[in-house]
Amino acid sequence: MEGHTIRIGITRLETGTSTENLREKVKALALAVGFDLAGVAVAEPTPETRFLREWLARGYSGTMEYMARRVEERVDPRRVLEGARSVIAVGLVYAEKDGTGGAPDVRVPGTARVARYAGGDDYHEVMGDRLRTLVWGIEALAGRAVSSRHYVDTGPVQERVFAARGGLGWIGKNTCLIHPELGSYLFLGVVLTDLEIAPDESEPDHCGNCRLCLDACPTDALVAPYELDARRCIAHATIEDPGSIPPGQREDHGEWLFGCDICQEVCPWNRTAGAALVDPLGLRERLRTRDAWQGPTLQWVLELGPDAWQEVTRRSALRRARHRGLLRNALVVAGNSGDRQLIPLVRKHAEGADSLLREHARWALERLEAVGA
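Counting of residues starts from 1 at the beginning of each chain's written sequence and follows it residue by residue. Reporting of local features is limited, given that this is a predicted model, to residues whose pLDDT is at least 70; pairs of side-chain atoms are given and counted only at 80 or more, and all residues count toward the totals for whole chains, interfaces and linings. Excluded from the side-chain calculation are hydrogens and water; included are all heavy atoms of the structure.

Chemist: Explain the packing of helix α14 (residues 343-350) against helix α15 (residues 355-370) here, please?
Modeler: Between two packed helices, what matters for the description is the angle formed by their axes and the separation of those axes. The convention used is that axes are lines fitted to C-alpha atoms, helices contributing only their stretch in contact, and that angles between N-to-C directions extend from 0 to 180 degrees. Strands here are runs of E lasting at least two residues and helices are runs of H or I lasting at least four, both read from the DSSP assignment and numbered beginning at the N terminus. Where α14 meets α15, the axes come as close as 7 Å, and the angle between the chain directions of the two elements is 145°. Of the two elements, α14 crosses α15, and the hand of that crossing is left-handed. Residues Ile343, Val346, Arg347, His349 and Ala350 of α14 form the contact with α15, whose participating residues are Leu357, Arg358, Ala361, Arg362, Ala364, Leu365, Leu368 and Glu369. Taken together, the residues of the contact of α14 with α15 break down into eight nonpolar, one polar and four charged. For any pair of crossing helices, the crossing counts as left-handed if the nearer helix is rotated counterclockwise from the farther one by less than a right angle, and right-handed if it is rotated clockwise. In what follows, residue pairs with any heavy atoms lying within 4.5 Å of each other are defined as contacts. Under the scheme applied here, ten amino acids are nonpolar (Ala, Val, Leu, Ile, Met, Phe, Trp, Tyr, Cys and Pro), four are charged (Asp, Glu, Lys and Arg), and all others, including Gly, are polar.

Chemist: How should the pairing of strand β1 (residues 37-42) be read in this particular structure?
Modeler: Taking burial as the measure, the six residues of β1 include five buried ones, the bulk of the element. Strand pairing follows a simple DSSP-based rule, namely that at least 2 bridges must link the two strands. Across six bridges, the pairing between β1 and strand β2 (residues 86-93) is antiparallel. Paired with Leu37 across the strands is Gly91, a residue of β2. Exposure categories follow from relative accessible area, calculated using a 1.4 Å probe and restricted to protein chains: below 20% of the type maximum is buried, above 50% is exposed, and the middle band is partly exposed.

Chemist: Mind showing me how you'd approach the pairing of β2 here?
Modeler: In summary, the side chains of a regular strand alternate between the two faces of the sheet. The buried count for β2 comes to eight of eight residues, which makes it a mostly enclosed element. Of the two faces of β2, the one carrying Ser86, Ile88, Val90 and Leu92 and the one carrying Val87, Ala89, Gly91 and Val93 are both buried. Relative to strand β7 (residues 186-193), β2 runs antiparallel, the two sharing eight bridges. Each residue of the ladder has a partner; that of Ile88, found in β7, is Val191.

Chemist: I keep staring at the sheet that holds β1 and nothing clicks. Help me out?
Modeler: Pairing is antiparallel across the open sheet formed by four strands, whose spatial order is β1-β2-β7-β4. The two strands at the open ends of the sheet, each matched to only one other strand, are β1 and β4 (148-151). Ignoring which end each strand starts from, the neighbouring axes of this sheet average 20° apart. Note: β4 against β7, four bridges, orientation antiparallel. When the bridges of β7 are listed, His150 appears paired with Val191.

Chemist: Would you take a moment to explain the pattern of salt bridges for this structure?
Modeler: Side-chain pairs of opposite charge can arise whenever the charged atoms involved come near each other. Should a side-chain nitrogen of Lys or Arg be within 4 Å of a carboxyl oxygen of Asp or Glu, the pair is scored as a salt bridge. Scanning all chains against the criterion turns up 26 salt bridges. Here Glu48 ties to Arg165 by a salt bridge, and the two come within 3.1 Å at their closest N and O atoms. Of the two residues, Glu48 sits in helix α2 (residues 47-57) while Arg165 sits in helix α5 (residues 159-165), which places them 117 residues apart along the sequence. By relative accessible area, which is 35% here, Glu48 ends up partly exposed. Notably, a salt bridge pairs Glu369 with Arg347, separated by 2.9 Å at the nearest N-O pair. Of this pair, Glu369 sits in helix α15 while Arg347 sits in helix α14, and the two are 22 residues apart along the sequence.

Encoded structure:
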């Protein structure tokens, strides 16, 4: 990792080492390279991975066509890695000790909100760097070449399912993995390996009768406990969908410029999440929301040109929305802001050459001009 030297003492396994002993050594290694959680699951299909077929059939994937590709691999990790026997799941908390991840909860007029995970360095880089180190360590531990593949949110593996199976938490009614002490502000990664490692016990579901996340979702994207319809999700609309945001959903987007944390913010398990964590390798510091994205003003975002956007989103997950998508999102937030001072900027986009931005700007302009009328 940049700016850090990591020294890990690794003792090769003796012949006849138990799979339980191997599990504990691998988990200890995962914590040593910087992860907060680690667990092991069997590499096999589960009822949860098989549910993907039904989820796709219902159309819940929205514009994420890639979810329909390589379905059988997403169901069965043994199709991803021939000979896979174990899935090592890891978790990294990205929220700050105050639970905010550097993203302010205070609502300031004329500003927008960015999901806690997105305002710092790209988690794919941070997690990927650590996973590569973990794989190297596992090979050194095993004393032989190990067949493996590792993923952070980009491969045909359902990380949260195997994280739950590996005891890192349970999948909550908001569809996020929740740890009983660390909450749900977690990045997840997996290593598929041909090593036979004893699996951990899974964590029971602690959601009980709570339905705060379902009731708080402004777009009713949580159509039932444990079921998310991405077509209605603010995170999907502001990140994954490059097209027009349905007019009937725009008002419900509120101040969310990129992503959404509502279903996690109301979760009781996040009230003290991460309060006692240390960060010896500086990983959470890399993930901390940059100053530019801590309550960015709509005026600033609406004036961002392509070059400036390239600079302020450098090595950031915010790149996912692209420049055009971020402007589209900002126009929706502007329309919800009630801030008439934004009218000149919104009007420029309403008269611009981009048809997508024109559409959203005209919607925002109509709402702003009606304020105080």
